[in-house]
Amino acid sequence: MAEADLDVVIRSIAKKQIKVLTDAAKKRHGRLMGMAAKAKDKDAKARHKQIAKATLLSAAAAARRLQITAENAADSYARSIKKAIEEAPATKPAKKAAATKKG
């Protein structure tokens, strides 16, 4: 893991979090639909079904936001590493020139 690119690690962590989020939303949806099936009156049944539907929609929106945020963070990290690599050789010759002037 020490040699792994951190942008890949960021993406994999986000993927795991999204999976956990969607699994939890599906469990809650199932529980609410079960409550709707057991409801005695029509209003309670409709209310439970609406809450179950809203739960899935909210979880999907949160998962999309999480995915976008992770992609942005991973891309930003990758860009910053590329920029650091490009700038690193430019600074080394300046140090060598300074060392030769002293000697």
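Just above, that's the structure.
Residues numbered from 1 in each chain as written. Predicted model: local features only at pLDDT ≥ 70, side-chain atom pairs only at ≥ 80, totals over all residues. Heavy atoms only, no water.

*Asks:* Would you mind going over the pattern of salt bridges with me for this structure?
*Replies:* For side chains of opposite charge, pairing can occur when their charged atoms come near one another. This structure, assessed with the given rule, holds two salt bridges. In this structure, D75 engages R11 in a salt bridge whose closest nitrogen and oxygen atoms are separated by 2.6 Å. With D75 in helix α2 (residues 42-102) and R11 in helix α1 (residues 6-38), the pair connects residues that are 64 residues apart, well separated along the chain. Judged by relative accessible area, which is 34%, R11 ranks as partly exposed. Put simply, D23 and K19 hold a salt bridge, and the shortest N to O gap is 3.8 Å. Pair noted here: D23 and K19 are both in helix α1, with a separation of four residues, about one helical turn. Relative accessible area serves as the criterion here: at 33%, D23 is assigned to the partly exposed category. (Salt bridge = Lys/Arg side-chain N within 4 Å of Asp/Glu carboxyl O. Helix = DSSP H or I, 4+ residues; strand = E, 2+ residues; numbered from the N terminus. Buried < 20%, exposed > 50% of the residue type's maximum accessible area, 1.4 Å probe, protein only.)

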